[in-house]
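Inside the fold
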Amino acid sequence: MDLTYTAEEQDFRARLREWLAKTLPELPAKPSPDDWPGRRAYDLGWQRRLYEAGYAGLHWPVDAGGRGATPTQHLIFLEEAELAGAPYVGANFVGLLHAGPTIAAEGTAEQRARWLPPVLRGDEVWCQGFSEPDAGSDLASLRTRAVRDGDDYVITGSKIWTSHAEVADWCELLVRTDPQAPKHRGISWLAMPMDAPGVTVRPLRTLAGSTEFAEMFLDEVRVPVANRVGDENDGWRVTMVTLSFERGTAFVGEVVACRRTLGELARTAKANGRWDDPVLRRRLGRLHGEFGALWRLTQWNVSESERTGGVPGIGGSVFKLAYSHARQELYEVAAEVLGLGSLSLEEEWTLDRLSSLSYTIAAGTSQIQQNIVAERILGLPKGR
C-alpha cells in the first residue's frame, strides 16, 4: 500500500481546489428536499459543470468517455469536493457510481456509446432495480421474470427500494431469465427505459420523511434484448461488478464528512460543558481512531483497485461493514452531545441520525458483508 502522493497528484489537488473555490459560489440555491424535479435539475446542473470542466467520470476509462484518472486521483477528487462543501452526485448517483461503471466494464461498444455520454453530461438519470419485496437480503432469490419474445424480453414482477425511480430515465434491472437454473445462474442484467409501457412507480416515504426510494411494478414490460449487459443468465457475475463499485469508493465522501462532524461534536461538547464527561471523551476518541482507520482502509482499497484495473475488490465489504456501524455510533454520540436539541426534525443532525440507521441495510446488509468477509477473504466454510 502506497499512502504517499506524487507531484502530479499534488498538482491535481491544487488545481481542483482552485476550480472548486471559483465554481461553488456560482451555484444556485438548493431546492427543497421534497422538490424532486428541482433536485434532479440541480444535481444534473452540477454534473454538467463537472463535465465542462473535465471532472465528470474522472476515473472512467478514456474509451468510456472518462478522463482515465487513477483511483488515487479519484480519491483526491472525492475528498476535496467534500471538504469544499460541493454538491453530492444526488439523483445521478446510480448512473455515475453503479450502472455507468458497470456498463464501462461489461458493456459493448454500442452500449457504451448510447448510455455513458448522457450520464457524464448530466442528461439522464438512472435508478437501481435490484431488491424485491420477498427476497430480503438474498438478492439472488429474485423472482421478477423476463421471457424472451423475439428481439424483446417481456418482464413481469416488482422491485422495492428502487433508488430515485421517481426521476429516473433508465433502470439497471435484474431479472430471472431461466427459472430452472440454480438461482445464481439464471439472472440477467438489463437496462430498462423507465417510460416503457407497464412500468408503475409508487414512492416510499422513509423514516426521515424523504421519498428517494420507491416500489416499482412491472406488467409485461418489453425491453429489447440489445439492452442486456453481459450474456443471458450471466447477470449475477455482472451484478458483482456493480456491487464492487457500490461498496468500493462510493462512501469516500461520507467518511470525510463524518470526520468533519466528529470535530464539530468535540467543539460543541467543549462549549456546552459535556467535555468534562470522561466516558464521552473516550467515545469521541475511539470514533476518531475508527474513522482514521477507515480512511486508511479506503486508501488501501484504492491501491488495490489500481492493481486490478480500476474495479474495486472485495475489501470494500470490510470497509462497508465497519463504516456502517461507526456511522451509527457517531450519531448516537451526537444525540448525547446535543441533548434535546438533537430531537427536532428541523435539525440536520436529526435527519442524519435517522439516515444512519439504514446503513447496516443499504448496499448489502451487515450480515451479508460478514458472510463475504468470512467466505471470500478468510476462507471459512459456508454456513448451513
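Residues numbered from 1 in each chain as written. Predicted model: local features only at pLDDT ≥ 70, side-chain atom pairs only at ≥ 80, totals over all residues. Heavy atoms only, no water.

1. Here's the deal with the overall build of the protein chain
Keep this limit in mind: Each helix is a run of DSSP H or I of at least 4 residues and each strand a run of E of at least 2, with the numbering of both proceeding from the N terminus. Between buried and exposed lies partly exposed: a residue is buried under 20% and exposed over 50% of the maximum accessible area for its type, with that area taken using a 1.4 Å probe on protein chains only. Contacts were defined at the residue level, with two residues in contact if any of their heavy atoms lie within 4.5 Å. Note on areas: Shrake-Rupley, 1.4 Å probe, and residue coverage restricted to the protein chains presented here.
Summing up its helical and strand segments, the protein chain has 11 helices and 8 strands in all. Within the protein chain, the proportion of its 384 residues that are buried is 51%. For the protein chain, contacts bridging at least 24 residues in sequence account for 72% of all contacts bridging at least 6. Accessible surface computed for the protein chain: about 18100 Å², of which carbon and sulfur atoms make up 52%.

2. Regarding the nonpolar core
Taken as a class, soluble globular proteins show a tendency for nonpolar side chains to be buried jointly. Note the threshold: We define the nonpolar core as a collection of buried residues of types Ala, Val, Leu, Ile, Met, Phe, Trp, Tyr and Cys that are connected through side-chain atoms lying within 4.5 Å of one another.
In this structure, W46, Y55, F77, W126 and W189 are the most contacted members of the largest nonpolar core, which totals 46 residues. Looking at this core, the elements that each hand over two or more residues are α1 (7–23), α2 (36–53), α3 (71–83), α4 (93–106), α5 (109–121), β4 (170–176), β5 (187–193) and α6 (235–246). Of all the elements, α4 adds the most residues to this core, at 7 residues. The residues touching F77, leaving out its near neighbours within four places in the chain, are F12, L16, L50, Y55 and L58. C127, Y153, M192 and L218 belong to the second largest nonpolar core, which has 25 residues in total.

3. Describing the environment of R283
With respect to the helices and strands, the residue R283 is situated in helix α8 (residues 278–307). Along the chain, R283 and L330 lie 47 residues apart, while their C-alpha atoms are 9.0 Å from each other. Dropping the residues within four chain positions of it, R283 is found in contact with E329, E332, V333 and E336.

4. Describing the packing of α4 against α5
Here is the rule we go by: Fitted lines through C-alpha atoms give the axes, limited to the stretch in contact for helices. The angle between two N-to-C directions lies from 0 to 180 degrees. An angle counts as roughly parallel when it lies under 35 degrees, as roughly antiparallel when it exceeds 145, as roughly perpendicular when it falls between 65 and 115, and as oblique in every other case. Here is the rule for handedness: rotate from the far helix to the near one, and if that takes an anticlockwise turn smaller than a right angle the crossing is left-handed, while a clockwise turn gives right-handed. Side-chain classes follow a simple rule in which Ala, Val, Leu, Ile, Met, Phe, Trp, Tyr, Cys and Pro form the nonpolar group, Asp, Glu, Lys and Arg form the charged group, and the remainder, Gly included, forms the polar group.
Running from N to C, α4 and α5 cross one another at 155°; their axes reach a closest spacing of 10 Å. Accordingly, the angle class assigned to the pair α4 and α5 is roughly antiparallel. Of the two possible hands of crossing, α4 and α5 adopt the one that is left-handed. Counting all contacts with α4, which are made through G95, L96, G100, I103, A104 and A105, the residues of α5 involved are Q111, R112, W115, L116, V119 and L120. Tallied by class, residues from the contact of α4 with α5 come to 8 nonpolar, 3 polar and 1 charged.

5. A few points about the pairing of β4
Moving residue by residue along a regular strand, the side chains alternate between the two faces of the sheet. Let me state the cut-off plainly: Pairing between two strands is assigned when DSSP locates at least 2 bridges connecting them.
Most of β4 is tucked away: 7 of the 7 residues are buried. Judged by which residues are buried, β4 turns out to be covered on both faces: W170, E172, L174 and R176 on one side and C171, L173 and V175 on the other are all buried. Pairing between strand β1 (residues 126–129) and β4: 4 bridges, direction parallel. When the bridges of β4 are listed, C127 appears paired with C171.

6. Describing the environment of I76
Here I76 is to be found in helix α3. Residue classification places I76 among the buried positions, given a relative accessible area of 0%. Each C-alpha atom, one on I76 and one on R13, is 6.5 Å from the other, the two residues being 63 residues apart in sequence.

7. Focus: the pattern of salt bridges
For clarity, the threshold we go by: Salt bridge, as used here: a side-chain nitrogen of Lys or Arg that lies within 4 Å of a carboxyl oxygen of Asp or Glu.
Applying the stated rule across the entire model yields 24 salt bridges. For E290, the salt bridge goes to R286, with nearest N and O atoms at 2.9 Å. One end of the pair is E290 and the other is R286, both in helix α8 and 4 residues apart, which spans about a single turn. Among the charged side chains, a network of salt bridges with common partners joins R283, R286, E290, E329, E332 and E336.

8. Thoughts on the packing of α1 against α3
Pairs of packed helices are described in terms of their axes, by the angle between the two and the distance that separates them. Look at α1 against α3: their axes get within 10 Å of each other, and the N-to-C directions meet at 30°. Taken together, the axes of α1 and α3 lie roughly parallel to each other. The two elements α1 and α3 cross, and the hand of that crossing is right-handed. The segment α1 lies against α3, with E8, E9, F12, R13, L16, R17 and L20 engaging T72, Q73, I76, F77, E79, E80 and A81.

9. A closer look at unusual backbone geometry
Phi at W161 is positive, roughly 60°, even though this residue is not glycine. For W161, the location among the structural elements is in the loop between β3 (152–159) and β4. Notably, H164 is not glycine yet its phi reads approximately 60°, a positive angle. By the element assignment, H164 lies in the loop between β3 and β4.

10. Observations concerning α3
Stated formally: Each residue after the first adds 1.5 Å to the expected span of a helix.
Taking 1.5 Å of rise per residue, the 13 residues of α3 would be expected to cover 18 Å, and the 18 Å separating its terminal C-alpha atoms lies within 8% of that figure. With 12 of 13 residues buried, α3 is to be regarded as a mostly interior element. Residues P71, T72, Q73, H74, L75, I76, F77, L78, E79, E80, A81 and E82 constitute the buried set of α3. In the stretch just after α3, G85 is the one whose phi turns positive, near 80°.

11. Considering α1
Selection criterion: Arc, as used here, means the arc of the directions from the helix axis to the C-beta atoms.
Helix length check: α1, at 17 residues, gives a terminal C-alpha distance of 24 Å against a target of 24 Å (1.5 Å per residue), a fit within 8%. For α1, the set of buried residues is E9, F12, R13, L16, W19, L20 and T23. Viewed along the axis of α1, the buried residues span an arc of 135°, placing them on a single side of the element. Facing away from the buried side of α1 by over 90 degrees, the exposed positions are A7, E18, A21 and K22. If you follow the buried residues of α1, they end up packed against α2 and α3.

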